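Structural overview
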Amino acid sequence: MKHIVILISGTGSNMAAILQAAERERWGERLGARVAAVVSNRPGAEGLKQAARAGVPTAVVDHKAFDGREAFDAALMQAIDAHAPALVVLAGFMRILTPGFVAHYAGRLVNIHPSLLPAFPGLNTHQRAIDEGCKLAGATVHRVTTELDHGAILAQAAVPVLPGDTADTLAARVLSQEHLIYPRAIARLLAAS
């Protein structure tokens, strides 16, 4: 069985979409894969409750308890490696990872970013797209590399930027597409492995 470990920092809406797709599409039977754990860097992350309700084991590695990124990433790797993951999925995980962490999971680490990469890496993507006068915005599933939001693109979805859009209204439309493309991209990766 291929194990998936999902990393979250907040509400876990992409995690929930992945869990729902895994159940609906019978990933265990079809792809020999299951979500083995959900790990958060925030003890109060709402997504932990959702994962627990779905019967998925959870863990917390609180970044505030560590002196520096290297120590945090080492503890995070230990928590992840306990599940022997075939794939580590960043789903709203709001920490920049060290090169050592990225190298440890090379080829097994994926992320979703709320822009049409390579446009607008980093934060505040929706407001930046509006400010630049973009006609389209969207989301990108990509492999994680040491360069922030620059790995190989696995999937993208575009949404129109509408007149009168705010960062929040645009974010909501983009998020609905993230919930579709992220599970699909993960299923494709699992099928190919």
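Residues numbered from 1 in each chain as written. Predicted model: local features only at pLDDT ≥ 70, side-chain atom pairs only at ≥ 80, totals over all residues. Heavy atoms only, no water.

Comments concerning the sheet that holds strand E6 (residues 136-143)
Backbone-to-backbone hydrogen bonds pair the strands of a sheet. The strands run either parallel or antiparallel. Judged by pairing direction, the sheet is mixed, and its seven strands sit side by side in the order E3-E2-E1-E4-E5-E6-E7 without closing on themselves. Unpaired on one side and paired on the other, strand E3 (58-60) and strand E7 (153-160) mark the two borders of the sheet. With direction set aside, neighbouring strand axes in the sheet form an average angle of 20°. Where strand E1 (residues 2-8) lies against strand E2 (residues 33-40), seven bridges are found, and the strand directions are parallel. Note on E2: the bridge partner recorded for Val 5 is Ala 37. (Pairing = 2+ DSSP bridges. Helix = DSSP H or I, 4+ residues; strand = E, 2+ residues; numbered from the N terminus. Axes fitted to C-alpha atoms, helices over the stretch in contact; angles between N-to-C directions.)

Some details on the nonpolar core
In this structure, Ile 4, Ile 6, Trp 27, Val 38, Val 89, Tyr 182 and Ile 186 are the most contacted members of the largest nonpolar core, which totals 41 residues. Among the elements that take part in this core, helix H7 (residues 167-192) stands out by supplying nine residues, more than any other. Core analysis: the second largest hydrophobic core is formed by 19 residues, Leu 76, Leu 90, Leu 97 and Leu 109 among them. (Core = buried A, V, L, I, M, F, W, Y, C linked by side-chain atoms within 4.5 Å. Buried < 20%, exposed > 50% of the residue type's maximum accessible area, 1.4 Å probe, protein only.)

A short note on unusual backbone geometry
The omega angle of the peptide bond from Leu 117 to Pro 118 is 15°, so this bond is cis rather than trans. Along the polypeptide, Pro 118 turns up in the loop between strand E5 (109-113) and helix H6 (125-131). One non-glycine residue, Asn 124, adopts positive backbone phi at about 60°. Within the chain, Asp 149 stands out as a residue other than glycine whose phi angle is a positive 55°.

Focus on the pairing of strand E4 (residues 85-90)
Across the six residues that make up E4, a large majority, five, are buried. Pairing of E1 with E4 involves five bridges; the strand directions are parallel. Opposite Ile 4, over in E4, you have Leu 87 as the bridge partner. Pairing of E4 with E5, which is carried by three bridges, proceeds in the parallel orientation. Of the residues in E5, the one forming a bridge with Leu 90 is Asn 111. Following the backbone out of E4, through helix H5 (residues 99-104) and into the adjacent parallel E5, one traces a crossover that is right-handed. (Right-handed = clockwise from strand over helix to strand, strands pointing away.)

Here we look at the packing of aromatic side chains
This structure, assessed with the given rule, holds two aromatic pairs. Consider the rings of Phe 66 and Phe 72, whose centres lie 6.0 Å apart with planes at 65°: the pair is edge-to-face. For Phe 66, a relative accessible area of 27% translates into the label partly exposed. Taking the centre distance of 4.9 Å and the plane angle of 55° together, the rings of Phe 101 and Tyr 105 count as tilted. The lysine or arginine in question, Arg 95, covers the ring of Phe 72, its NZ or CZ lying 5.6 Å from the ring centre. (Phe/Tyr/Trp six-rings, centres within 6.5 Å; stacked < 30°, edge-to-face > 60°. Lys NZ or Arg CZ within 6 Å of the ring centre and 35° of its normal.)

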